[in-house]
Amino acid sequence: MEALLCKKLGDPTVPLGGSDDSPLTLSTTHPIPELDSPTSVLVRVKATSLNYANYLQILGKYQEKPPLPFIPGSDYSGVVEAVGHKVTKFKVGDPVCSFAALGSFAQFIVAEESHLFRVPDGCDLVAAGALPVAYGTSHVALVHRAQLQANQVLLVLGAAGGVGLAAVQIGKACGATVIAVARGDEKMQILKSLGVDHVVDLSKGNTTDSIKGFLKSRRLRGVDVLYDPVGGKLTKESMKLLNWGAQILVIGFASGEVPVIPANIALVKNWTIHGLYWGSYRIHRPAVLEDSLKELLSWLERGLISVNIFNCFSMSKANLAFAALKDRKAIGKVMIVLDDHMTTPRSKM
């Protein structure tokens, strides 16, 4: 089978096999994984999503460092190819999605039956491959941790990225007033199309003043929940907008700078600070992930959320996919699609 192998750590935006600097190699003879238990399922991968964690992992800068060589990749969708003799929930041909610690950048992957989710009829299978990590992260953060309510104000930083767009849509699905911060006219238009109550372009004017003006116009006291995958200076500025009793969701540090949240101010203002490492829920709270993804698939089926796919690439062009992620050009999700008939990237809403 075809599989994308990381044989050494380095920059995944370097063309595959183009030089000694390339960490990624496209293998066409990698063995198809075998069913390793009576309840395991072999999935033919249709689409797999790029997440910032995948980029960091290939660079060697992620908290989890697998031994070399390894096949990167986490969330994916596909079709059941074979099942163990004790599998009862799935049959050959069923559309499914899931996530793994490693291994989805390949034509086939093996998963335990309990780790797979059936994609509802009528849902786009490529979109389902983008759902688990980005939308799962935002759903667990907002619904499970912050318990976002309809009468609250949600501020989403990095709102045009994968987890940011997910947080915006989940916030609207929960009935919250959503403020979104991003950069650039195209990102502003997409956020407005999702029904965001107020959008802020970082390249134009003062972010804090813009949000304060909106809050005043709506007679709102401040922000109740801060969703922060960015970090750095923007986090510090956003703290000026938080209500007494606000909740801060620490999702990541796309800016490259880990922010300092003053403990004395958190004490005086009764803030709650949530660290959210979504992947660890499979170990510590697997039932939370299962309930979360089931609800997200239900929302996808009912049209309450939609997955914005920025572009799709073949595995041989994986470096271009990572470049779109690295350069922050992506609005929504970047995908690798394993389809013999797909020859050019595509974009859809």
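Treat the numbers as computed from the prediction; the structure is a model and nothing was measured. (Residues numbered from 1 in each chain as written. Predicted model: local features only at pLDDT ≥ 70, side-chain atom pairs only at ≥ 80, totals over all residues. Heavy atoms only, no water.)

J.: Help me understand the pairing of strand β11 (residues 223–228), please; the structure alone is not making it clear to me.
T.: In summary, the side chains of a regular strand alternate between the two faces of the sheet. Judged by how many residues are buried, β11 sits mostly within the fold: 6 of 6 residues are covered. In the sheet, strand β8 (residues 153–156) pairs with β11 via 3 bridges, with the strands oriented parallel. Opposite L155, over in β11, you have L226 as the bridge partner. Pairing of β11 with strand β12 (residues 242–250) involves 5 bridges; the strand directions are parallel. Looking at β12, one finds that D228 is bridged to V250. Assessed by its sense of winding, the connection that carries the chain from β11 through helix α7 (residues 233–238) to β12 is right-handed. (Buried < 20%, exposed > 50% of the residue type's maximum accessible area, 1.4 Å probe, protein only. Helix = DSSP H or I, 4+ residues; strand = E, 2+ residues; numbered from the N terminus. Pairing = 2+ DSSP bridges. Right-handed = clockwise from strand over helix to strand, strands pointing away.)

J.: Sorry, what's going on with the confidence of the model for the chain here?
T.: Detail in the predicted coordinates should be disregarded across regions flagged by low pLDDT. Across the chain, pLDDT averages 92, with 97% of residues at or above 70. Segment residues 341–349: pLDDT under 50, and 23 contacts once partners within four positions in sequence are set aside and those in other chains are kept. (pLDDT = per-residue confidence, 0-100. Contact = heavy atoms within 4.5 Å.)

J.: Hey, could you run me through the nonpolar core in this one?
T.: One broad trend across soluble globular proteins is that nonpolar side chains are buried collectively. With 61 residues, the main nonpolar core has L142, L154, V168, L191 and Y227 as its most contacted residues. Sequence-distant contacts of V168, defined by excluding residues within four places in its chain, comprise V156, A159, V178, A180, L191, L194 and V196. (Core = buried A, V, L, I, M, F, W, Y, C linked by side-chain atoms within 4.5 Å.)

J.: Help me understand the packing of aromatic side chains in this model?
T.: The relative placement of two aromatic rings is captured by the distance of their centres and the angle of their planes. Counted according to the given criterion, the structure contains 4 aromatic pairs. Consider the rings of Y52 and Y55, whose centres lie 5.6 Å apart with planes at 40°: the pair is tilted. In this pair, Y52 and Y55 both sit in helix α1 (residues 52–59), 3 residues apart, roughly one turn of the helix. Overall, Y52 belongs to the partly exposed group, its relative accessible area being 36%. (Phe/Tyr/Trp six-rings, centres within 6.5 Å; stacked < 30°, edge-to-face > 60°.)

J.: I keep staring at the environment of K326 and nothing clicks. Help me out?
T.: Considering the arrangement of structural elements, one finds K326 in helix α11 (residues 318–326). In this structure K326 comes out as partly exposed when scored by relative accessible area, which is 38%. Along the backbone, K326 and L125 are 201 residues apart, and their C-alpha atoms lie at a distance of 25 Å. At 3.3 Å, the side chain of K326 forms a polar contact with the side chain of D11. (Polar contact = N/O pair within 3.5 Å; in protein donor to acceptor, adjacent residues only side chain to side chain.)

J.: Just checking my understanding: could you explain the sheet that holds β12 for this structure?
T.: By definition, the strands of a sheet pair up through backbone hydrogen bonds, in either a parallel or an antiparallel sense. What the 6 strands build is an open sheet, ordered β10-β9-β8-β11-β12-β13; its pairing is parallel. What marks the edges here is a single partner per strand, and that holds for β10 (198–201) and β13 (272–275). Averaged over all neighbouring strand pairs, the angle between strand axes comes to 15°, with direction disregarded. Its contacts with the sheet put helix α4 (residues 162–173) on β8, β9 (177–182) and β11, and the angle it makes with β8 is roughly 170°. (Axes fitted to C-alpha atoms, helices over the stretch in contact; angles between N-to-C directions.)

J.: In this structure, what is going on with the pattern of salt bridges? I would like to understand it.
T.: Opposite charge on two side chains permits them to pair, given that their charged atoms come into close proximity. Per the counting criterion, the structure on display carries 10 salt bridges. Notably, a salt bridge pairs R118 with D94, separated by 3.7 Å at the nearest N-O pair. Separated by 24 residues along the polypeptide, R118 in strand β7 (residues 117–118) and D94 in the loop between β4 (75–83) and β5 (95–99) bring together distant segments of the chain. For R118, a relative accessible area of 37% puts it in the partly exposed group. With relative accessibility at 5%, the residue D94 sits in the buried group. K240 is the salt-bridge partner of E237, the closest N and O atoms lying 3.2 Å from each other. Because the salt bridges share partners, they merge into one network encompassing K91, D94, R118 and D121. (Salt bridge = Lys/Arg side-chain N within 4 Å of Asp/Glu carboxyl O.)

J.: Please clarify how the pairing of strand β3 (residues 40–50) should be interpreted in this entry.
T.: Taken across its 11 residues, β3 has 9 buried, putting it largely inside the fold. In the sheet, β3 pairs with strand β6 (residues 108–112) via 5 bridges, with the strands oriented antiparallel. Its bridge partner being in β6, S40 is matched across the sheet by E112. Here β3 pairs with β4 via 7 bridges, running antiparallel. When the sheet's bridge partners are listed, V45 is paired in β4 with G78.

J.: What am I meant to see in the side chain of T235 here?
T.: The residue T235 is located in helix α7 in this model. The exposure class of T235 is buried, given its relative accessible area of 1%. Beyond its immediate chain neighbours, meaning those up to four positions away, T235 contacts L157, D228 and P259.

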